[in-house]
Amino acid sequence: MKRIQTVEANPANAVLILVNLQNEFCKPGGLVFDEINPQAMPGVIAAAQRFLGKARAASIPVIYVQSLRRPHDPQFTRYGLKPILKEGAWNSNIVDELTSAAGEAVVTAWHEDPTYETRLDH
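What you see is a predicted model; the values in this text were computed from it and never measured. (Residues numbered from 1 in each chain as written. Predicted model: local features only at pLDDT ≥ 70, side-chain atom pairs only at ≥ 80, totals over all residues. Heavy atoms only, no water.)

**Things to note about the environment of Gln66**
Among the secondary structure elements, Gln66 is positioned in strand E2 (residues 62-67). Linking Gln66 and Val15, residues 51 residues apart in sequence, is a C-alpha distance of 16 Å. Discounting residues that sit within four places of it in the chain, Gln66 has contacts with Asn20, Gln22, Ser92, Asn93, Ile94, Val106, Val107, Thr108 and Ala109. (Helix = DSSP H or I, 4+ residues; strand = E, 2+ residues; numbered from the N terminus. Contact = heavy atoms within 4.5 Å.)

Right under this line is the structure:
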């Protein structure tokens, strides 16, 4: 069993980054959902909601990293992988429980590495 630990952050130099909390991974109907631990996902979303609420209350900046793929990407066309995270599809959307608020950045990741070639540095 994992040990629960308290997390403290200094709002002056903290940021909350939520990575890939999308329907694809977190909701029934997502193609990858069943490959992860479906029983854990409601708890993961609830924990993210708590962190998000505390970050917003403390005026800590929030950044969402949303993985997307294009229909012509080699993983689909060349390697025959199942089509996940296609731009504009339901499964690529961030889960409703964690919808971004005004002023919160959503960074698109077009690669398996959620920080590679993104505008996250900006």
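**Points about the layout of surface pockets**
The volume enclosed by the largest pocket comes to roughly 540 Å³. The residue inventory of the lining of the largest pocket, partitioned by class, reads 12 nonpolar, 2 polar and 3 charged. (1 Å grid on protein atoms, 1.4 Å probe; cavity = no way out; pocket = protein on both sides within 12 Å on 5 of 7 lines; lining within 4 Å. Points joined across faces, edges and corners; volume = space filled by probe spheres on them. Nonpolar A, V, L, I, M, F, W, Y, C, P; charged D, E, K, R; others polar.)

**Regarding the pattern of salt bridges**
One pass over the structure, following the stated rule, counts 2 salt bridges. Linking Glu97 and Lys27 is a salt bridge whose minimum nitrogen-to-oxygen distance equals 2.5 Å. You can see Glu97 sitting in the loop between helix H3 (74-77) and strand E3 (105-109) and its partner Lys27 sitting in the loop between helix H1 (23-26) and helix H2 (41-57), a full 70 residues away along the chain. Between Arg56 and Glu104 there is a salt bridge, with the nearest N and O atoms lying 2.7 Å from each other. Residue Arg56 is located in helix H2, and its partner Glu104 is located in the loop between H3 and E3; the two are separated by 48 residues in the primary sequence. Among the residues examined, Arg56 registers a relative accessible area of 34% and is labelled partly exposed. (Salt bridge = Lys/Arg side-chain N within 4 Å of Asp/Glu carboxyl O. Buried < 20%, exposed > 50% of the residue type's maximum accessible area, 1.4 Å probe, protein only.)

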